[in-house]
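A closer look at the structure
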Amino acid sequence: MQDNLCLGIIGGAGHLGGAIAQGVLRNGAVLPENLWLSSRTLAASHGLAADPKVHRTTSNQTLIEHCDIVIVAVPPHLANSLAINASETGCLIISVMAGVTVTQLQQLSATERVVRAMSSPAAETGLAYSPWFSSEAITDTDRLKIRRVFEAIGQTDEVFDESHIDQFTALIGPVPGFVAYYADCMVNYAIDQGIDSNVAERAIRQLFKASGVMLADLDLSPRAHVDAMIDYDGTTAAGLKCMQASRLSASIDQGLTAAVEATRKMSESLGDSTS
Ligand SMILES: NC(=O)c1ccc[n+]([C@@H]2O[C@H](COP(=O)([O-])OP(=O)(O)OC[C@H]3O[C@@H](n4cnc5c(N)ncnc54)[C@H](OP(=O)(O)O)[C@@H]3O)[C@@H](O)[C@H]2O)c1
């Protein structure tokens, strides 16, 4: 990184906060002496984040007073316990909390300079996807810094409709999430056909690993992969045509919609207590 960006993570010993801490250290985007982590109980950090040069505090306010950018990664139902006032600090607040809106975040942090984002624990290995939506107070200089943080832990895009963060919370927040469900269906199918459960699981895990790499790295969209299989007209085409004619796609839509609605309910319940 060009300059010594000072990053704070509130909830930095948690599942997501800890993964982001590990990810930015691993990538070298943030030096250990420029990383601040807070939690209410000074819980121990693991791996690179256990470096004694990393600052730890139980005071979220102390953390934001030392940092340029602060990522808030506490459970949404605890967002009201943050006790921060960023109005005088010049620090930029990024939330990765499910369902907490830009307006709620501004109320909770007493600053207009907030970003609502989503990410995932895949941040630890640089494999997260982190979309973000900014408040109007965010400048182009801020945007560069936000990109630098999120590019250190994977891929990122700015989105310009806040409701899309609700959609992404359902789509990419949980890793392996819905993909694990599809894998489990395939494992169960193999077991039902009499294949040993350990063998079935090993085969499907490897299938998903290879599929993930191919989908991510090859210059073909998911649709193009499917079309290519159907054009080839082999055994997979027979299965794909059957699945396309079924209600599978509608069931996936319903599941994702239910997850988005759950995200919005979180926001509504928090709204009761921030107002
Ligand atoms: N885990 C995921 O896969 C995932 C994916 C996408 C988004 N998210 C979002 O990330 C956030 C954190 O989730 P998580 O799974 O990482 O939770 P977690 O493992 O329970 O970690 C939460 C952390 O927040 C700390 N904390 C709680 N209240 C605090 C406060 N007032 N001040 C400072 N620290 C506080 C906790 O430590 P103490 O108890 O010691 O304070 C803990 O270290 C949630 O909002 C969730 O929606 C998570």
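All figures in this text were calculated on a predicted structure; none of them were measured in a lab. (Residues numbered from 1 in each chain as written. Predicted model: local features only at pLDDT ≥ 70, side-chain atom pairs only at ≥ 80, totals over all residues.)

Details of the overall build of the protein chain
Test applied: Only DSSP runs of H or I covering at least 4 residues are called helices, and only runs of E covering at least 2 are called strands; the numbering of each starts at the N terminus. Partly exposed residues are those falling between the two cut-offs: more than 12 but fewer than 20 other C-beta atoms within 10 Å of their own, whereas 20 or more means buried and 12 or fewer means exposed, with C-beta atoms placed from the backbone.
What the protein chain contains, in helices and strands, is 10 helices and eight strands. Each of the three principal axes of the protein chain carries a C-alpha extent, and together these read 65 × 40 × 35 Å. Buried residues in the protein chain amount to 34% of all 275 residues.

Some remarks on the nonpolar core
Applied cut-off: A set of buried residues drawn from Ala, Val, Leu, Ile, Met, Phe, Trp, Tyr and Cys, joined through C-beta atoms within 7 Å, is what defines a nonpolar core. Distance between backbone-placed C-beta atoms decides contact: two residues are in contact if it is within 7 Å.
I20, V70, V72, A73 and I94 are the most contacted members of the largest nonpolar core, which totals 58 residues. Examining the composition of this core, we find that six residues originate from one element, helix 1 (residues 15-27), more than from any other. With residues near it in sequence (within four places) discarded, I20 still touches I9, I71, A73, S119, A123 and I153.

Regarding the packing of helix 6 (residues 177-192) against helix 7 (residues 197-217)
Applicable threshold: Lines fitted to C-alpha atoms define the axes, with helix axes restricted to the stretch in contact, and inter-axis angles between N-to-C directions lie between 0 and 180 degrees. Under this scheme an angle from 65 to 115 degrees is roughly perpendicular, one under 35 degrees roughly parallel, and one over 145 degrees roughly antiparallel; angles in between are oblique. Two helices that cross are described as forming a left-handed crossing if the nearer one is turned anticlockwise from the farther one by less than a right angle, and a right-handed crossing if clockwise.
Two elements in contact, helix 6 and helix 7, have axes whose closest approach is 9 Å; the angle formed by their N-to-C orientations is 140 degrees. The pairing of helix 6 with helix 7 is recorded here as oblique in orientation. Classified by chirality, the crossing of helix 7 by helix 6 is right-handed. Across from V179, A183, M186, V187, A190 and I191 in helix 6, the residues of helix 7 making contact are S197, A200, E201, A203, I204 and F208.

Focus on the site of the ligand
Quick reminder of the rule: Near residues are defined by distance alone, with the backbone-placed C-beta atom required to lie within 6 Å of the molecule or strand. Residues are sorted three ways: Asp, Glu, Lys and Arg are charged, Ala, Val, Leu, Ile, Met, Phe, Trp, Tyr, Cys and Pro are nonpolar, and all the rest, Gly among them, are polar.
Around the ligand sit 27 residues in total, of which G11, G14, R40, T41 and A98 are the nearest. Here the shell around the ligand takes three residues from helix 1, the largest share from any one element. Of the residues in the shell around the ligand, the class split is 15 nonpolar, 11 polar and one charged.

Some details on the pairing of strand 6 (residues 114-117)
How we decide: For two strands to be treated as a pair, DSSP must find at least two bridges joining them. Look down the strands so they point away from you; if the path from the first strand over the helix to the second goes clockwise, the crossover is right-handed.
Here strand 6 shows no split at all, with V114 and R116 on one side and V115 and A117 on the other all buried. When strand 5 (residues 92-95) meets strand 6, the two strands line up parallel, connected through three bridges. Its bridge partner being in strand 6, I94 is matched across the sheet by V115. Once the chain exits strand 5 it traverses helix 3 (residues 102-109) before rejoining the sheet at strand 6, and the crossover so formed is right-handed. Two strands pair when backbone bridges link them, and strand 6 and strand 7 (residues 128-134) are joined in this way by three bridges, in the antiparallel orientation. Its bridge partner being in strand 7, V115 is matched across the sheet by S134.

Some thoughts on the domain arrangement of the protein chain
As a reminder, the rule being used: In this document the domain limits rely on a domain assignment from an automatic tool or a database.
Along its sequence, the protein chain is carved into domain 1 (7-173) and domain 2 (177-265). The gap between the C-alpha centroids of domain 1 and domain 2 is 32 Å. Counting residues at the interface gives seven residues for domain 1, matched by five residues for domain 2. In terms of residue class, the side of domain 1 that touches domain 2 is built from three nonpolar, three polar and one charged.

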